[in-house]
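Remarks on the overall topology
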Amino acid sequence: MSHQLGRVVSIILHRYFGDIVQTVGDDLFKCGSKPIGMIVKTTGLSRGLVIESLRTLLKYDIAAFEPSVNQLIAEYKLVPENVLLLIRYPRYLLQVKSKYGSEAELLIEELLQQATCTATVLLVTIATKYKDDKEKNITIMSLKDMFISLATAGYIQQAPVAELKEGSEIPTLVPVATIVPDLDTRILLQVMNAGNFNDVKDNIYWKVNYDRFHQDFRDELMIKAITRRIDENAGELMRFLLEQMYLNSPAWAPESNPVSALDVRDRCRRAATDKPLLQQYVDQYLKVLEESGGGFVRRCGDASGGQFCVRARAAALQLVRAALDHLVTERLGSKAARIFRLIRTKKYIEEEDIQKNAMLVNKECKQLTYKLLEEHFISCQPMRKAATAGGMAKAIYLYHIKLHEVAHTAREMCYRSLHNVSRRALHERTLHARLVDKQKRVRTIVHGMRLRGEPQENIDDVEETLTPPEQAVLQGVEKRLKQLSTAELELDKNLFIFNWYFTYPET
Amino acid sequence: MSVKQEDQLKEKILNVARKNPKGISHKDITAAIPDISSAELVTAINELLQQEYFDLFNQNGALLYRLKTQVNKQAVKGADNEEKVVFNLIEEAGNKGIWIREIRIRSNLANTQLTKVLKSLESKKLIKAVKCVNASKKKVYMLYNLEPDRSISGGAWYQDQDFESEFVDILNVQCLRFLNQRSDKIKNNPRGPIVGRTQSYATASEVQKYITDLGISKVQLDVEDVITILNTLVYDGKAESSVYPDGSKVYRSIDPLIPAPGLVQVPCGVCPLVHKCSTTGLITPQECTYMTEWLE
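None of these values were measured; they are calculated from a predicted model.

Further remarks concern the overall build of chain A. The helix and strand inventory of chain A stands at 23 helices and 14 strands. Principal-axis analysis of the C-alpha atoms places the extent of chain A at approximately 90 × 70 × 60 Å. Pairs at least 24 residues apart make up 65% of the contacts formed inside chain A by residues separated by at least 6 positions. Averaging the locations of the 70 positively and 64 negatively charged side chains of chain A gives two centres separated by 6 Å.

Have a look at this one:
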């Protein structure tokens, strides 16, 4: 809950929901939790508007509510982590598309937009939307099957149900265990043909399970890291280990329960056609993965041909370290990164020893060390000799790295950059708002004319209202905005690593 | 006995001594020069001792004469007593050198006198002053012909007390190149990953041989020196080290676990003013020049 987080949350709310929701969001962020009356008072907005914004926020899970002390009125609070998920939507879509194809993408996209929705409404809406689209060839049957497989895989889950407790006026949201639904195709078709949802009895609401996606992202990170460090076969082996891990351990456990090598060997045998080398040398790969795999995997027993633990926490630590190494390298140069890593390896080290081990010129080395200290990448612990007379006693300065704090600093920087990038994008949009508007108008007009089948000359006339210089400017803006949104996604990926690291408490 | 005879005798004794650099005893002399009377021998040796040709040792009760080195003899020539004392102190210190304060205390000479003595010895090229690498103001004295100790000179990486960072950088790059040549062996090795990993490892002595064969270094580099360089690679995150069963250190080059993360891909990640940037004021993301350049 830092200032930087507040800034980035504010700008994201503005982009997705506009000024009013932003004001309410800011207010909630500043005050923690407060009831509607207080929000109305501090924001100066009308009660209706505040309620409307809160409704939006609650719908998208961005805000939460809880009964106040007297159990009569609800207090609202913002969930900033969920605000940041808004910019992760494209990644969810990409992930589900690459795994399940475009139908799943449509489902998830619609569900993300609706926030919560019953299966019937969701399926019928999409099916109606693409009824005439011959290219995609989407039927309600295939959508239904996809919906069921997504629910089985846990990418979507049942939304929590509101329950009224005794002695309280405020409902509480109780999570429900997801039961894979049995949807009747006939009813779906009936509803679709009727075109209204009046006589549908479906009252189970669904929402996207972000956590399931995050598990995928995490696995992907680990597999890619291993692939970079060793090779594709080892990456594949890591994937198999993770698959086995899910069977017997909670997904975010710092260290998984032991996975038997027998199961992994079995899995490799099934993948033998793709990766013959892996099947042939699976034991060797396990050994190499254990020894040179950055500590992602640990051998924890010898029973039944070896037992292995997947160490998600250690993996997060390694990846955060790698990210910080990159950051130090880019900010202060590779020499500084050398010092940074040296201090990390030695844990506590004196200034003189840094110079000796890093093989740098004395002066440069000192400068870089102080620079690192200034930017909070390293910390310094003075050790004064007790009970020595006079000021002559020389203190020893031990440099060390508090990784948790450094990661914190870096995450703040991520928030700051994310804010800056979004802000810049907003600025670009407002600067060229007139032109972008004009382009949009021209496009709609041209589209309308095309549909009406008007002659090409007239269409050209309309299109030419956008002059070449204007076109050039628009292209520039488009390119810049695209670059900014790519940067946003990349920053989000970076944030994901940090947040993953912070899910495990500091030891 | 004439002076000439005496000189001849001395010459003979010296010849015997030169043949036995470990020292000679009375027996050795009488064996080598049988026609010598003990009285003559005594006078000759006494004179030689006086001229400081010999150091006198007592070995198992027998006296042993050892020829002093040539330099020592020269030093003695035309030197006064103070110089001799100072010279001996410096000689004792060996290649570690001796600090001027230490000489002053032990020789009990006044400061001005000592400086004069040291200057005269230096001008005769008998001793030299060497600057210490870890304390730039501190000067130590040692015999002219000695190679300074590593703790004084800093080893191969120092030239006249200056750290040669370019030299280290070049070696660093070359070592990495050598390791990179092998690093791909681990990827999809048909003989299995363990063999692949072993092939991608390079021992420090292999790297040392490669560096020596390249001929980029004028100085002879030890395995120890190469290990320091290889360690900098490890600290650079470009290599990892391991230990073979026989205790020798091995290295292989590695890639970082993740490609450059998003934070360093945007200008803010590398911006020196990032902490001064805010929504309003002089430095804002809207007006940021770095960002404008990046977006071009």
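When its secondary structure is counted, chain B shows 15 helices and eleven strands. Counting across all 296 residues of chain B, residues that qualify as buried make up 41%. Counting only contacts in chain B whose residues sit at least 6 apart along the sequence, the fraction spanning at least 24 positions is 48%. Surface summary for chain B: the accessible area is close to 16700 Å², and the carbon and sulfur share equals 50%.

With that settled, consider the sheet that holds strand 12 (residues 349–350) of chain A. Taken together, three strands build an open sheet; the order of strands is 12-14-13 (chain A) and the sheet is antiparallel. This sheet does not close on itself; its edge strands, each paired only once, are strand 12 and strand 13 (379–383) of chain A.

Residues and elements named next belong to chain B. On the surface, Ile-170, Leu-214 and Ile-216 cluster together into a nonpolar patch covering about 230 Å² of accessible area. Topologically, Ile-216 is positioned in the loop between helix 11 (204–214) and helix 12 (223–235). By relative accessible area, which is 36% here, Ile-216 ends up partly exposed.

Moving on: the state of the cysteines. Residue and element names in this part refer to chain A. Applying the stated rule across the entire model yields zero disulfides over all chains. We note that Cys-380 lacks a disulfide partner, and the nearest cysteine sulfur, in Cys-365, lies 13 Å from it. Since its relative accessible area comes to 28%, Cys-380 is described here as partly exposed.

A word on the pairing of strand 10 (residues 239–243) of chain B. Residue and element names in this part refer to chain B. Two elements, strand 10 and strand 11 (residues 249–253), share five bridges in a ladder whose sense is antiparallel. Its bridge partner being in strand 11, Ser-241 is matched across the sheet by Tyr-251. Hairpin geometry of strand 10 and strand 11 is characterised by an intervening segment of five residues between the two adjacent antiparallel strands and by a positive phi of about 95° at Gly-247.

Positionally, Glu-105 of chain A belongs in helix 7 (residues 102–114). The contacts of Glu-105 of chain A, once residues within four sequence positions are left out, are Leu-93, Val-96 and Lys-97 of chain A.

On to the interface of chain A and chain B. Each partner contributes residues to the interface: chain A has 62 residues there, and chain B has 59 residues. Of the roughly 5400 Å² buried where chain A meets chain B, counting both sides, 58% is carbon and sulfur surface. Considering only the surface of chain A that becomes buried against chain B, Arg-228, Arg-229 and Met-359 of chain A emerge as the three largest contributors, covering 15% of it. Salt-bridge contacts for Asp-169 of chain B lead to Lys-335 of chain A; the nearest nitrogen and oxygen are separated by 3.6 Å.

Bringing the sheet that holds strand 2 (residues 63–67) of chain A into the picture now. Residue and element names in this part refer to chain A. A sheet is described by the order of its strands in space; here three strands give the open sequence 1-3-2, paired in antiparallel fashion. Of all the strands in the sheet, the pair left with one neighbour each is strand 1 (33–34) and strand 2. Alignment of strand 1 against strand 3 (residues 74–78), held across two bridges, turns out to be antiparallel. In the strand pairing of strand 3, Ser-33 is matched with Lys-77. Here helix 2 (residues 19–31) sits on the sheet in contact with strand 1 and strand 3, set at roughly 95° to strand 3.

Procedures and definitions
- Residues numbered from 1 in each chain as written.
- Chains lettered and ligands numbered in written order.
- Predicted model: local features only at pLDDT ≥ 70, side-chain atom pairs only at ≥ 80, totals over all residues.
- Heavy atoms only, no water.
- Helix = DSSP H or I, 4+ residues; strand = E, 2+ residues; numbered from the N terminus.
- Contact = heavy atoms within 4.5 Å.
- Lys, Arg positive; Asp, Glu negative; His and termini not counted.
- Charge placed at Lys NZ, Arg CZ, Asp CG, Glu CD.
- Buried < 20%, exposed > 50% of the residue type's maximum accessible area, 1.4 Å probe, protein only.
- Areas by Shrake-Rupley, 256 points an atom, 1.4 Å probe, with all protein chains shown as cover.
- Pairing = 2+ DSSP bridges.
- Patch = residues over 30% accessible without salt bridge, like charges linked within 9 Å, V, L, I, M, F, W, Y side chains within 5 Å.
- Salt bridge = Lys/Arg side-chain N within 4 Å of Asp/Glu carboxyl O.
- Disulfide = S-S within 2.5 Å.
- Buried area = accessible area lost by both parts, 1.4 Å probe.
- Axes fitted to C-alpha atoms, helices over the stretch in contact; angles between N-to-C directions.

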